[in-house]
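Structural overview for review
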Amino acid sequence: MTAAPQEATPDPPPDRMGSAARQAAERAASGAQTPEPSLGVRLGQIGILGWTIVVPTLLCLVLGRWLDGLFDSGVFFSAPLIMIGAGFGFWSAWKWMHRP
């Protein structure tokens, strides 16, 4: 006697609604443990970033103007030094933003 071939039953579809609900609950729990910083903290961070860029730029500009006055060279030193100062400031700001 031959056995009737058994049909393979397909796997049940994944429970997308249940997994979405679990992910939302996990996000809510994570957010409750680490709350979002206040507006004052965010404004302080923006201020720090601004000064991180402005201070090296201005220091290099002052140094460049002093060297230009010393050597009577127009903007020979000021122009490159202001770019170097801005580059260093942006690099410092980037490093500060991506610190662990």
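First, a word on what this report is: a plain description of the structure on this page. (Residues numbered from 1 in each chain as written. Predicted model: local features only at pLDDT ≥ 70, side-chain atom pairs only at ≥ 80, totals over all residues. Heavy atoms only, no water.)

Once that is clear, we can look at the overall build of the protein. From N to C terminus, the protein includes 3 helices and 0 strands. Reading the protein from its N end, one meets helices and strands in the order α-α-α. For the protein, contacts bridging at least 24 residues in sequence account for 49% of all contacts bridging at least 6. Carbon and sulfur atoms make up 69% of the accessible area of the protein, which totals about 8500 Å². (Helix = DSSP H or I, 4+ residues; strand = E, 2+ residues; numbered from the N terminus. Contact = heavy atoms within 4.5 Å. Areas by Shrake-Rupley, 256 points an atom, 1.4 Å probe, with all protein chains shown as cover.)

On to unusual backbone geometry, then. A positive phi is found at Asp72, a non-glycine position, where the angle reads about 50°. Structurally, the position occupied by Asp72 is in the loop between α2 (39–71) and α3 (78–97). Judged by its relative accessible area of 70%, Asp72 is exposed. (Buried < 20%, exposed > 50% of the residue type's maximum accessible area, 1.4 Å probe, protein only.)

Next up on the list: the side chain of Thr57. Tracing the backbone shows Thr57 in helix α2. A residue is classified by how much of its surface remains accessible, and Thr57, at 14% relative accessible area, is buried. Residues contacting Thr57, with those up to four places away along its chain left out, are Ile82, Gly85 and Ala86.

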